[in-house]
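Results of the structural survey
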Amino acid sequence: MRVRTIAPSTRRAATALAAFAASLALFAGCRQILGIEELTYDPVLDETSLTCDRYCGLIMSLCTGANSQYTSDEACYGVCETFTAGSLDDSEGNSLGCRIGVLAAATGGAELSECAAAGPSGNDVCGTPCDAYCSQIAAVCPDTFESIGDCAVECQDLSTCGTYTANPEDATPDNPSVECRIYHLSVAARDGLFDDNGDPTTAQTVHCPHASGETECLKDSGIACP
């Protein structure tokens, strides 16, 4: 009878492969016993990121219903492009960092005041409503005012109608408030800021006159806040 022999090098390779397979099985078993789950990287949840991905992911998930600050993801991203970056250490000021900081601290459930502070108006925490309005309109509707200073003078004469929310029922032609104008700015920004040719988008063309007080949000309407 012929006896088949296995070369020592082949035996060593087979032994090493078997040991590796056994270690993988043991590791998988330990993971199941310990309840360890596979982890994936999510930039929206990255605690160190200062991005519109993270900002919009947080505010659109935490501030909903009556506390909503944007009518759509697109509006959020459009307005976010107008924010100065700032720092995640910002506790005040009209910056992206301040807004993300407010949201990160409210992950157990955001109140209206926190949503508004993190929203486009700043709610006198992450900037004043006039700070927010003037910086945003300079980016979204740049032909409205000659300067930020001119915008600030105009804004002083606008009404303030309570805590800001993205409620279209408040954005009426005779609402004389800065909140009405901020609402229309967010809608104007929803398709981005200008197209590939540098021309205003349809949303900008329609809503910039509203945000400027030319056709809606009229400061001399004589009507009180809704």
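Counted under the stated rule, the structure contains eight disulfides. Sulfur-sulfur distance for the disulfide between C180 and C217 comes to 2.0 Å. Note on the C180 and C217 pair: the S-S dihedral is about -70°, so by sign convention the disulfide is left-handed. Of this pair, C180 sits in helix α8 (residues 178-188) while C217 sits in the segment after α9 (202-211), and the two are 37 residues apart along the sequence. Overall, C217 belongs to the buried group, its relative accessible area being 0%.

We now examine the packing of aromatic side chains. In total, this model carries three aromatic pairs according to the counting rule given. A centroid spacing of 6.3 Å and a plane angle of 85° characterise the contact between Y55 and Y70, whose relative ring orientation is edge-to-face. Taken together, the positions of Y55 in helix α2 (residues 52-62) and Y70 in the loop between α2 and α3 (73-80) put the pair 15 residues apart, joining distant regions of the chain. When its relative accessible area of 4% is taken as the criterion, Y70 is described as buried.

Mapping E179 onto the fold places it in helix α8. Although buried, E179 forms no salt bridge, and the nearest oppositely charged side chain, R181, lies 9.6 Å from it. Within polar-contact distance, the side chain of E179 engages the backbone nitrogen of C161 at 2.8 Å. Look past the residues within four positions of E179 in its chain and what remains in contact with it is S159, T160, C161, G162 and Y164.

The geometry of α8 relative to α9 is characterised by a closest axis approach of 8 Å and an angle of 170° between their N-to-C directions. One element, α8, and the other, α9, form an angle in the roughly antiparallel class. Each of R181, H184, L185, V187 and A188 in α8 lies in contact with α9, whose residues at this interface are A203, Q204, H207, C208, H210 and A211.

Our next topic: the packing of helix α6 (residues 129-140) against helix α7 (residues 148-156). Two elements in contact, α6 and α7, have axes separated by 9 Å at closest approach and are oriented at 135°. Here α6 is positioned oblique relative to α7, judged by the angle of their axes. The two elements α6 and α7 meet at a crossing, and its hand is right-handed. Note on element contacts: α7 touches α6 through I148, C151, A152, C155 and Q156, opposite C130, Y133, C134, S135, I137 and A138. Counted by class, the contact of α6 with α7 contains nine nonpolar, two polar and no charged residues.

Rules and cut-offs
- Residues numbered from 1 in each chain as written.
- Predicted model: local features only at pLDDT ≥ 70, side-chain atom pairs only at ≥ 80, totals over all residues.
- Heavy atoms only, no water.
- Disulfide = S-S within 2.5 Å.
- Helix = DSSP H or I, 4+ residues; strand = E, 2+ residues; numbered from the N terminus.
- Buried < 20%, exposed > 50% of the residue type's maximum accessible area, 1.4 Å probe, protein only.
- Phe/Tyr/Trp six-rings, centres within 6.5 Å; stacked < 30°, edge-to-face > 60°.
- Lys, Arg positive; Asp, Glu negative; His and termini not counted.
- Salt bridge = Lys/Arg side-chain N within 4 Å of Asp/Glu carboxyl O.
- Polar contact = N/O pair within 3.5 Å; in protein donor to acceptor, adjacent residues only side chain to side chain.
- Contact = heavy atoms within 4.5 Å.
- Axes fitted to C-alpha atoms, helices over the stretch in contact; angles between N-to-C directions.
- Parallel < 35°, antiparallel > 145°, perpendicular 65-115°, else oblique.
- Left-handed = near helix turned anticlockwise from the far one by under 90°.
- Nonpolar A, V, L, I, M, F, W, Y, C, P; charged D, E, K, R; others polar.

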